[in-house]
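What the coordinates show
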Amino acid sequence: MGQVRNPREIALNAHRNYYSGGTYGDDRLIWTVDPFLSADSPGKILEVGCGDGAMLRLLAGRGMDATGVDASSTGIKRCRALGLHAQCLDVSSDGLPFEDNLFDTIISLETFEHLMNPYYVLQEVRRVLRPSGRFLCSVPNPLTGHPYLYPGLFEYNNFRRFLEQSGFSVDQVRPWQWAPRETIFPVRMRNIPVLQGRLLREAFAE
């Protein structure tokens with residue numbers, strides 16, 4: 001029998017080099033955030049699952065106050081090398097190391113399907129999000145065959161109910177099919193003929 005590891009150790013080991021294969025291009029990130037962040041000031045921003053800092057760099061370039069957390073130690077190392085504010089932690093076990101009602105906007109793209117305790121993380125998001133703050137979250141469409149810890153949770157109706165039961169109201173849903181085709185996948189995958197759409201959800205804390 002192998003050595004028993006705790007959930008935090010499993011998560012940090014599994015995601016240490018998760019972003020070594022590259023991440024999404026700026027065009028995809030711009031398409032993602034512009035409909036939600038361009039109309040007014042997003043205030044203080046937290047990204048849960050910031051990876052190697054692609055989104056944080058984009059936001060910082062626009063003069064926005066953004067910080068991030070991720071379980072990938074190599075990803076966080078790259079963030080810090082770029083002068084970005086980011087911390088390495090497993091949000092499922094460590095929680096969010098911030099005071100209550102600190103952030104105006106929280107972003108989490110393609111992250112919740114990897115979390116061991118998505119319910120706890122969503123409660124932490126709600127705790128550190130200011131009243132009437134904005135939560136921008138995307139998850140892959142289950143039809144893509146993407147790996148999930150809890151597959152059924154990410155069917156549209158179930159994930160929407162999950163958000164609502166956790167104290168959020170869903171204000172807008174934006175399908176990935178509307179995105180320019182070339183922006184949907186990471187740069188290294190754009191020549192692979194793939195397939196299904198994705199959903200982007202924006203939720204507001206009540």
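I will try to describe carefully the structure that is included in this document. These figures come from a predicted structure and were not determined experimentally.

Thresholds, definitions, all that
Residues numbered from 1 in each chain as written. Predicted model: local features only at pLDDT ≥ 70, side-chain atom pairs only at ≥ 80, totals over all residues. Heavy atoms only, no water. Axes fitted to C-alpha atoms, helices over the stretch in contact; angles between N-to-C directions. Helix = DSSP H or I, 4+ residues; strand = E, 2+ residues; numbered from the N terminus. Parallel < 35°, antiparallel > 145°, perpendicular 65-115°, else oblique. Left-handed = near helix turned anticlockwise from the far one by under 90°. Contact = heavy atoms within 4.5 Å. Nonpolar A, V, L, I, M, F, W, Y, C, P; charged D, E, K, R; others polar. Phe/Tyr/Trp six-rings, centres within 6.5 Å; stacked < 30°, edge-to-face > 60°. Buried < 20%, exposed > 50% of the residue type's maximum accessible area, 1.4 Å probe, protein only.

**Remarks on the packing of helix α2 (residues 26–37) against helix α3 (residues 54–61)**
For the pair α2 and α3, interaxial distance at closest approach is 10 Å and the crossing angle is 55 degrees. The orientation of α2 with respect to α3, classified from their angle, is oblique. Along this stretch, α2 crosses α3, giving a crossing that reads as right-handed. Contacts from Asp-26, Leu-29, Ile-30, Val-33 and Leu-37 in α2 reach Ala-54, Met-55, Arg-57, Leu-58 and Leu-59 in α3. In terms of residue class, the contact of α2 with α3 is made up of 8 nonpolar, no polar and 2 charged.

**Some words on the packing of aromatic side chains**
Summed over all chains, the structure comprises 6 aromatic pairs. Geometrically, the ring pair formed by Phe-135 and Phe-168 is tilted, given 5.5 Å between the ring centres and 45 degrees between the ring planes. Remark: Phe-168 occurs in strand β6 (residues 168–175) and Phe-135 occurs in strand β5 (residues 129–139); sequence separation between them is 33 residues. Aromatic pair Phe-159 and Phe-162: ring centres 6.0 Å apart, planes at 40 degrees, arrangement tilted. Taken together, the residues span about one helical turn, with Phe-159 and Phe-162 both in helix α7 (residues 156–165) at a distance of 3 residues. Both residues of the pair, Phe-159 and Phe-162, count as buried. These aromatic residues form a ring-pair network of at least three members: Tyr-148, Phe-154, Phe-159 and Phe-162.

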